[in-house]
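Architecture and fold: a report
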Amino acid sequence: LQLVESGGGLAQDGGSLRLSCAASGRTTSTYAMGWFRQAPGKERLFVAAINLSSGTTAIADSAKGRFSISRDSAKNTVYLRMNSLNPEDTAVYYCAAGYGVVPTKVHEYVYWGQGTQVTVSS
């Protein structure tokens with residue numbers, strides 16, 4: 001399974017971005033897909049996850065009310081919509097695929113994308 005993220009870039013404080021994660025290869029609805037982010041010198045943190053079969057979602061407390069995750073099964077693509085961005089959201093955002101309902105831990109994911117940089121300027 002290969003994952004390719006896109007949609008990162010520069011945003012203004014209070015702005016929005018939508019990240020996409022396209023899956024190819026051994027795609028299956030048994031996966032859960034997640035987004036994580038990692039700022040320089042910091043650990044990789046959970047942002048959001050979605051179960052591709054049921055559509056169940058989980059959002060980190062830091063993202064609740066601002067970020068949402070969705071899927072387009074026909075396109076094998078998962079999206080992360082980010083609103084009300086602030087400079088603390090600046091990080092490399094990674095897409096991942098794993099097993100479980102909505103896993104939230106790094107070690108629960110098997111496949112990872114290469115990451116996309118999101119920079120929010122104040």
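Everything below is about the structure shown above.
This report concerns the structure included in the present document. (Residues numbered from 1 in each chain as written. Predicted model: local features only at pLDDT ≥ 70, side-chain atom pairs only at ≥ 80, totals over all residues. Heavy atoms only, no water.)

**What about the packing of aromatic side chains?**
One pass over the full model with this rule turns up seven aromatic pairs. Taking 5.2 Å as the distance between ring centres and 55° as the angle between the ring planes, the aromatic pair formed by Phe-36 and Trp-112 counts as tilted. Within this pair, whereas Phe-36 is found in strand β4 (residues 32–38), its partner Trp-112 is found in strand β10 (residues 109–112), the two being separated by 76 residues in sequence. Residue classification places Phe-36 among the buried positions, given a relative accessible area of 1%. Of the residues examined, Trp-112 reaches a relative accessible area of 26% and is grouped as partly exposed. Among the aromatic residues, those joined into a ring-pair cluster are Phe-36, Phe-46, Tyr-94, Tyr-109 and Trp-112. Its guanidinium or amino end placed over the ring of Tyr-94, Arg-44 lies 3.7 Å from that ring's centre, counting from NZ or CZ. Arg-44 extends its terminal NZ or CZ atom over the ring of Trp-112, reaching a point 4.8 Å from the ring centre. (Phe/Tyr/Trp six-rings, centres within 6.5 Å; stacked < 30°, edge-to-face > 60°. Helix = DSSP H or I, 4+ residues; strand = E, 2+ residues; numbered from the N terminus. Buried < 20%, exposed > 50% of the residue type's maximum accessible area, 1.4 Å probe, protein only. Lys NZ or Arg CZ within 6 Å of the ring centre and 35° of its normal.)

**Focus on the sheet that holds strand β8 (residues 77–82)**
Strand order in the open sheet made by the four strands is β1-β3-β8-β7, with antiparallel pairing throughout. Looking at strand neighbours, the two that pair on one side only are β1 (2–6) and β7 (67–72), the edges of this open sheet. Going across the sheet, the axis of each strand differs from the next one's by a mean of 20°, ignoring polarity. Pairing of β1 with strand β3 (residues 17–24), which is carried by five bridges, proceeds in the antiparallel orientation. Paired with Glu-5 across the bridge in β3 is Cys-21. (Pairing = 2+ DSSP bridges. Axes fitted to C-alpha atoms, helices over the stretch in contact; angles between N-to-C directions.)

**Points about the pairing of β7**
Direction of pairing for β7 relative to β8: antiparallel, over a ladder of six bridges. Its bridge partner lying in β8, Ser-68 is registered against Arg-81. Between the end of β7 and the start of β8, which pair antiparallel, lie four residues, with Asn-76 showing a positive phi angle near 50°.

**Looking at the state of the cysteines**
Per the counting criterion, the structure on display carries one disulfide. Each disulfide pairs two cysteine sulfurs, and for Cys-21 the partner residue is Cys-95, the sulfurs being separated by 1.9 Å. The sign of the -75° torsion about the S-S bond sets the Cys-21-Cys-95 disulfide as left-handed. Pair noted here: Cys-21 is in strand β3 and Cys-95 is in strand β9 (residues 91–98), with a separation of 74 residues, a long-range link. The residues Cys-21 and Cys-95 share a single accessibility class, namely buried. (Disulfide = S-S within 2.5 Å.)

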